[in-house]
Every structure is written in C-alpha cells, then in structure tokens.
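Secondary and tertiary structure notes
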Amino acid sequence: MKADKEKTGTYLMIALSAAGFFLCLIRPQETGKAAAEGIGRCLGVIIPSLYAVMVMSQLFIRSGAADRTAPFFSLAGRLFGMNGDEFAVFVFSSLAGYPVGAKMLCGRAEQGRINSERGSLLCGLCFGAGPSFIYGCIAAQLYGSTWTGRAVMLSCAAANIILGLVFSPLLRKGRTDSEYGSKAESSAEMFTECVSESGRSVLEICFAVVIFAVIAEMIRSCGAVQALCGFLSEVSGRSEHCVSAILGAILDVTAVSELPSKDYSLLPVISALVSFGGVCVFFQLRTIIRGRFSMGRIVGLRIAAAFISYIVCRIITPLLITGKVVEAASVSASVHKAQSPVPSVLLIIMTVILIARNEKTVK
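Here goes a summary of the coordinates provided. These numbers were taken from a predicted model, which means no experiment stands behind them.

If you look at the biggest cluster of nonpolar residues, it comprises 87 residues, and the most contacted ones within it are F133, V256 and V274. By residue number, the principal contributor to this core is helix 10 (residues 188-221), which donates 11 residues.

Moving on, we get to the packing of helix 4 (residues 84-96) against helix 5 (residues 98-110). Here helix 4 crosses helix 5 at 155 degrees, and the two axes come no closer than 8 Å. By the angle between their axes, helix 4 is roughly antiparallel relative to helix 5. Every residue of helix 5 that contacts helix 4 at D85, E86, V89, F92, S93 and A96 is listed here: V100, G101, M104, L105 and R108. Class assignment of the residues belonging to the contact of helix 4 with helix 5 gives a composition of 6 nonpolar, 2 polar and 3 charged.

What follows deals with the side chain of Q284. Position of Q284 relative to the elements: it lies in helix 14 (residues 279-289). A relative accessible area of 10% places Q284 in the buried class. Apart from residues no more than four positions distant in its own chain, Q284 is found in contact with P99, I205 and V209.

Turning our eyes to something else, we now look at helix 5. In an α-helix, one full turn covers 3.6 residues, which means residues spaced three or four apart are oriented alike. With 11 of 13 residues buried, helix 5 lies mostly within the body of the structure. Among the residues of helix 5, Y98, P99, V100, G101, A102, K103, M104, L105, C106, G107 and R108 are the ones counted as buried. G112 sits one or two positions beyond helix 5 and adopts a positive phi of about 75 degrees.

Right, let's get into the packing of helix 13 (residues 267-276) against helix 15 (residues 295-321). Two measures define how a pair of helices packs: the angle their axes make with one another and the distance between the axes. The interhelical angle for the contact between helix 13 and helix 15, taken along N-to-C directions, is 150 degrees, at an axis separation of 7 Å. Classified by the interaxial angle, the pair formed by helix 13 and helix 15 is roughly antiparallel. The two elements helix 13 and helix 15 cross, and the hand of that crossing is right-handed. Counted together, L267, P268, V269, S271, A272, S275 and F276 of helix 13 and R302, I303, A305, A306, S309, Y310, C313, R314 and T317 of helix 15 form the full contact between these two elements. Residue composition of the contact of helix 13 with helix 15, by class: 10 nonpolar, 4 polar and 2 charged.

Given a rise of 1.5 Å per residue, 27 residues ought to cover 39 Å, and the 37 Å separating the end C-alpha atoms of helix 15 matches this to within 8%. Where helix 15 bends most, the angle comes to about 30 degrees, and this point is I315, followed within four residues by the proline P318. Within the sequence span of helix 15, burial applies to M295, I298, L301, R302, A305, A306, I308, S309, V312, C313, I316 and T317. Turning to helix 15, the residues buried within the fold contact helix 6 (116-125), helix 8 (146-166), helix 13 and helix 14.

For the structure shown, the criterion picks out 2 salt bridges. With a shortest N-O distance of 2.8 Å, R118 and E86 are connected by a salt bridge. Of this pair, R118 sits in helix 6 while E86 is found in helix 4, placing the two residues 32 residues apart along the sequence. For the residue pair R118 and E86, the accessibility class agrees, reading buried in each case.

Now for the packing of aromatic side chains. Counted according to the given criterion, the structure contains 8 aromatic pairs. Joined through ring pairs, the aromatic side chains of Y98, F127, F276 and F282 make up one cluster.

The next subject is unusual backbone geometry. Residues other than glycine seldom take positive phi values, yet K262 does so here, at roughly 65 degrees. Position of K262 relative to the elements: it lies in the loop between helix 12 (240-251) and helix 13. Despite not being glycine, R290 has its phi angle at roughly 50 degrees, a positive value. Its place among the elements puts R290 in the loop between helix 14 and helix 15. Relative accessible area serves as the criterion here: at 53%, R290 is assigned to the exposed category.

This brings us to the environment of S275. Looking at where S275 falls in the secondary structure, it is placed in helix 13. With a relative accessible area of 3%, S275 lands in the buried category. Here the alpha-carbon distance between S275 and C156, two residues 119 residues apart in the chain, equals 5.4 Å. Dropping the residues within four chain positions of it, S275 is found in contact with F127, C156, A159, R302, A305, A306 and S309.

Rules of the game
- Residues numbered from 1 in each chain as written.
- Predicted model: local features only at pLDDT ≥ 70, side-chain atom pairs only at ≥ 80, totals over all residues.
- Heavy atoms only, no water.
- Core = buried A, V, L, I, M, F, W, Y, C linked by side-chain atoms within 4.5 Å.
- Buried < 20%, exposed > 50% of the residue type's maximum accessible area, 1.4 Å probe, protein only.
- Helix = DSSP H or I, 4+ residues; strand = E, 2+ residues; numbered from the N terminus.
- Axes fitted to C-alpha atoms, helices over the stretch in contact; angles between N-to-C directions.
- Parallel < 35°, antiparallel > 145°, perpendicular 65-115°, else oblique.
- Contact = heavy atoms within 4.5 Å.
- Nonpolar A, V, L, I, M, F, W, Y, C, P; charged D, E, K, R; others polar.
- Left-handed = near helix turned anticlockwise from the far one by under 90°.
- Expected span 1.5 Å × (residues − 1).
- Bend = angle between axes of the 7 residues up to and from the residue.
- Salt bridge = Lys/Arg side-chain N within 4 Å of Asp/Glu carboxyl O.
- Phe/Tyr/Trp six-rings, centres within 6.5 Å; stacked < 30°, edge-to-face > 60°.

Right, dumping it as structure tokens:
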C-alpha cells in the first residue's frame, strides 16, 4: 500500500513537472514576469524583514537564553502543557513572523529535546504573521486605522490560544521539565554558525517564493482560476476581483493587500486568511523543517485556526468598530520594504561566502 502511494506520488510529480516545463516554454514572458515579481518580493520584503529575526531566534535557542528565560514562562506554559521555553517560543513566534517558530522548534529537535509528534503539534501552534505585516499591510493600507490591526492580531492570537488549550492534554503527556540550571553560552563561532544557518534558511525560503510565484502564474494561465472566481462571485455576491484576491491570499497571504479597501465586512475573512498563512508559507515551512515534523498535522491545525479566527473576529469587530470607523485615514504606514535591492543583494553574496567558508572549515 505504501509502495503504491509512493509510485502514485512519483508519477504525479513527473506529470506536474512536465506540465510546468512545457508551460514555461509556451508562456516564457508570463513565467519570467512571475519569477521577477517573486525575486522582487524576496529582495524588497522577505530578506530585510526576516533575516535579522531568524538570526536572533537561533541565538535565542543555541545560546541557552531560552532555558534561562524559561522560568518566567513556566507557570503560563503549564496551562498549555508546555515547558517554559516552549511557551517562550509560542509567544515569540506570534510576534516574529510565520517561519520563525518552526525554525526555533527545529533547533530544539536537533538538540533531541522534542520528538516529531510533539514538534508537529507545537509547530502548528507556534505560528503567526507578526505585527509588522498585520499593521503595515492590513491596518494601514486597507483600512487606514490601527483598530483593524488590533482586531486581526487579537483574533489570530485567540485562535492559537484556544487550539493550545484544546490540545494541552496531548502536550501535557509528553512534557518534560526544562533544564533551568544550564548556563548561557556565547562565542564567535556560535554567532557565525547562527548567521550562516539563518542565511541558508532565508535563501531557501526565497527560492520557494520564486518558484511558487511561477506555479501560481501557471495556474492562472490555465483559466481555471477565472472560471472558479466567476462561479464563487455569483454564489457569494462579491465582485470577481474580491474573490480572486481571496483565492490568491489562500495561495500567498500577501495578496490580501489587493482586497477592496474600507470593506469592514471582509475583516473576519482577512483574519482567517492571516491565521491560515497560505500555501506559500507552508512551502517555506517545508524547506525549514526538512521532514522533521508532519506537514499534514500543521496544515490541519492552521485550517482549524482559520475557522476560529474568523468566528472570534466576527464577535469582536462590532465591539471595536463603535466610534472608530470615522478614524482619520491619513496614516502613512506600509509593509517594510527596502528602497533599493542592492543591500539585499550584497547580504546574499556575503551569506553565500560565509556558508561556503563554514563548510570548508567543517571539512
């Protein structure tokens, strides 16, 4: 049975690869434009906003800072069946962006402190967009008000907290006490390794973003998305542009910026999309976890989180919207984006040199 599944998966991958290859030949301009847009997102948004956070998260784990701060989180962690340092990752991941929680948990897995089953469950819970994306892209660009950002942040956090409480019995079974007595360590070699590993992870994420942009363009070029958008538009009463943006956000969450502005009825939908993360984010997670954790369990948890986030946002939006809709829309904020791609390009070059030098030293 397992062999049949592997054969089916292999044949499916061959078919998809062949279809993608021929589509690249047939539509070189469209695929080239999609790849260029993906590279632009990597150079202008992903690398400037994610690289430093991933380096600091690695230092947080490998230096022993997570263990040293664990006692401060131990009491709240017990409520969720987590250790103090696991709960610290749970809190930190909601503020640092989607892949950071997975990266920090992989560091724990490499140390042999969590198994695959526990890591998969924690990875599905330690998941968040971060305030820079929510306030910059959604609150400022779509609504021009900060309370909408708070609504989305609260809804996504509530979804993770509710899921954490639901699955706390499972986490409590495999819970082990943290070694609070371990000393914090620091060295130039450890810092260099953290920089090198984080640079490798960011580059892998960028490669996934670029190829996913091409795949999304291939799907759009087949006409299937247009037909689906037309059908869903008739069923929901929304415009085709709105439906297309929602479907695009399921693939890549940054597409929420294309939704109609000032439409407060869409706020619960946006909250659900942000909590889910999008298929592109799962591609990024896959490049980080490298088979250590179950992607099926992670995706299942995020689908559940999307539904919970939608319901919570529907409940709290009327409470927050009172007297706030007339807020001035003159807020000039946006997602952090580099003014020039040159610094990101130089950062990539330096990271590649550092990785190559480290590998040569190890050999």
